[in-house]
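Chain residues, written in single-letter form:
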Amino acid sequence: MRVRVFVTLKPSVFDPQGTTVAEALHTLGFGSVDGVRQGKYFELDIAASSAEEAKQVATDAADKLLANPVIESYRVEVDTAGGAR
Amino acid sequence: MKFAVVVFPGSNSDHDAHYAVEGPLGEEARFVWHKGTSLGDADAVILPGGFAHGDYLRTGAIARFSPIMADVRRFADAGGPVLGICNGFQVLLEAGLLPGAMLRNDSLHFRCEFVSVRVEHVDTPFTAACRPGQVLRMPIAHGEGNYYADPEVLARLEANRQVLFRYVDASGQVTRDSNPNGSVANVAGLCNEARNVVGLMPHPERACELAINGADGLVMLQSAVHWFTRRAPASVAVRGASSLSA
């Protein structure tokens with residue numbers, strides 16, 4: 001089962017990469033882009049019998065390794081439509 | 001005194017640390033591969049600089065799960081002196097042996113240059129031979145040294161006197177320009193509450209000889225000997241101890 005994990009810096013944490021990307025976009029004429037926050041995206045293919053089980057595994061993985069709770073938060077989405085591609 | 005230098009895949013300052021201990025310091029050093037499970041009879045542990053596991057995911061994030069880290073944690077919990085240098089500092093942060101986390105340098109540049117840091121407290125194994133307020137000139141080489149702790153944690157660190165090193169100008173003043181990476185409160189290094197685990201971004205082991213880079217970093221390793229000698233029974237051999245003033 002495919003599970004997506006999005007890891008982003010907490011709102012209180014300054015993101016120099018996102019700021020630089022925003023400045024570049026402004027230079028390119030994307031004046032309507034008010035802000036950019038850069039993060040990480042993971043696709044986990046998990047052998048699980050239910051969406052709940054897959055989500056729990058991904059959550060445990062995010063807690064232990066994928067995200068650093070000091071500076072990052074994360075969101076988990078189970079792809080219920082498709083299996084492992 | 002015996003130093004264990006942990007070697008992760010991607011460590012690149014392991015030989016510098018080994019050389020600094022065996023050469024300028026005159027003590028024993030041995031490498032311990034990260035897949036080992038025991039630090040042996042080491043009296044102190046160095047987690048060296050480099051790019052353990054390619055810095056993939058986050059700096060130190062994979063290395064913290066290396067098998068040897070269980071024994072590093074045991075050693076630290078027992079009060080043993082642990083020094084994390086640069087990437088080693090990042091590993092200690094990821095492992096939770098020190099509080100906070102590292103962000104990308106605010107300049108987004110990899111900074112490779114000399115910096116000045118001020119020694120804030122001298123009651124740790126790696127600052128015991130320093131003078132309070134002493135300014136040390138040492139090199140840095142990192143892209144992610146922008147130390148972050150939330151305001152509550154930072155206040156606790158300050159109250160507990162855990163901020164051991166701050167980036168300063170040559171006269172010892174904390175300034176924005178002397179901060180190479182955007183680190184909060186100019187933090188260059190800190191210790192845990194028990195004060196036996198120390199991490200810093202500058203490289204003392206690369207500043208241990210006047211012939212290259214200056215010798216300001218040597219005092220940190222001498223501090224460990226100084227600290228160890230005061231605690232160890234008289235029968236323990238410390239090669240360099242006689243040259244240190246009490």
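See the structure printed just above.
What counts as what
Residues numbered from 1 in each chain as written. Chains lettered and ligands numbered in written order. Predicted model: local features only at pLDDT ≥ 70, side-chain atom pairs only at ≥ 80, totals over all residues. Helix = DSSP H or I, 4+ residues; strand = E, 2+ residues; numbered from the N terminus. Rg over C-alpha atoms; globule rule 2.2 N^0.38 Å. Contact = placed C-beta atoms within 7 Å. Core = buried A, V, L, I, M, F, W, Y, C linked by C-beta atoms within 7 Å. Buried ≥ 20, exposed ≤ 12 C-beta atoms within 10 Å, placed from the backbone. Pairing = 2+ DSSP bridges. Axes fitted to C-alpha atoms, helices over the stretch in contact; angles between N-to-C directions. Nonpolar A, V, L, I, M, F, W, Y, C, P; charged D, E, K, R; others polar.

K.L.:
So, the overall build of chain A: which residues are in play, and what are the values?
P.N.:
The number of helices and strands found in chain A is two helices and three strands. Start at the N end of chain A and walk to the C end: the helices and strands fall as β-α-β-α-β. The C-alpha radius of gyration of chain A comes to 16 Å, more than 25% above the 12 Å expected for a compact globule of 85 residues. Expressed along its principal axes, the backbone C-alpha trace of chain A runs to roughly 50 × 30 × 15 Å. Taking all contacts inside chain A whose residues are at least 6 apart in sequence as the whole, residues at least 24 apart take part in 65%.

K.L.:
Quick one: what's the story with the nonpolar core, residue by residue and with numbers?
P.N.:
Counting 82 residues, the largest nonpolar core has Phe3, Val5, Val6, Val45, Val72 and Leu92 of chain B as its most contacted members. Looking at this core, the element that brings in the most residues is helix 5 (residues 218-231) of chain B, giving eight residues. Discounting chain neighbours no more than four positions away, the residues touching valine 72 of chain B are Val6, Leu39, Val45 and Val82 of chain B. Core analysis: the next-biggest nonpolar cluster, separate from the first, contains eight residues, Val3, Ala58, Ala62 and Ala67 of chain A among them.

K.L.:
Before we move on, could you go through the sheet that holds strand 2 (residues 39-45) of chain A and cite the residues and values that matter?
P.N.:
All names here are of chain A. Taking strand neighbours across the sheet as the criterion, the three strands line up as 2-1-3 in an open arrangement whose pairing is antiparallel. The sheet terminates laterally at strand 2 and strand 3 (72-78), the two strands that pair on one side only. The mean angle between the axes of side-by-side strands here comes to 20°, regardless of whether they run parallel or antiparallel. Taken together, the seven bridges between strand 1 (residues 2-9) and strand 3 define a ladder with antiparallel strand orientation. Residue pairing for strand 3: arginine 4 is matched across the bridge by glutamate 77. Those strands touched by helix 2 (residues 51-66) are strand 1, strand 2 and strand 3, and its axis lies near 160° from that of strand 3.

K.L.:
Would you mind going over the interface of chain A and chain B in detail, with residue names and values included?
P.N.:
Facing the nine residues of chain A at the interface are eleven residues of chain B. Ranked by residues supplied to the side of chain A that touches chain B, first place goes to helix 1 (residues 16-27) of chain A with three residues. Among the residues making up the side of chain A that touches chain B, the classes are represented as five nonpolar, four polar and no charged.

K.L.:
Please give an account of helix 3 (residues 87-94) of chain B that cites residues and values.
P.N.:
Residues and elements named next belong to chain B. Of all eight residues in helix 3, eight are buried, a share of seventy percent or more. All of the buried residues along helix 3 are Asn87, Gly88, Phe89, Gln90, Val91, Leu92, Leu93 and Glu94. The inward-facing, buried residues of helix 3 contact strand 3 (44-47), strand 4 (82-85), strand 5 (101-103) and strand 11 (197-200). A positive phi of about 80° marks glycine 96, the residue just after helix 3.

K.L.:
Account for the sheet that holds strand 9 (residues 163-168) of chain B, with residues named and values stated.
P.N.:
All names here are of chain B. Pairing is mixed in the open sheet, where nine strands are placed in the order 2-1-3-4-11-10-9-6-7. Among the strands making up the open sheet, the edge pair consists of strand 2 (28-33) and strand 7 (135-142). For this sheet the average axis-to-axis angle between neighbouring strands, irrespective of direction, equals 25°. Where strand 3 and strand 4 come together, three bridges link them in parallel fashion. Of the residues in strand 4, the one forming a bridge with leucine 47 is glycine 84.

K.L.:
Describe unusual backbone geometry, listing the residues and the values that go with them.
P.N.:
Residues and elements named next belong to chain B. Phi at arginine 161 is positive, roughly 60°, even though this residue is not glycine. Mapped onto the elements of the fold, arginine 161 is located in the loop between helix 4 (151-159) and strand 9. Of note in this structure, arginine 195 is not a glycine but carries a positive phi near 75°. In this structure, arginine 195 sits in the loop between strand 10 (187-191) and strand 11.

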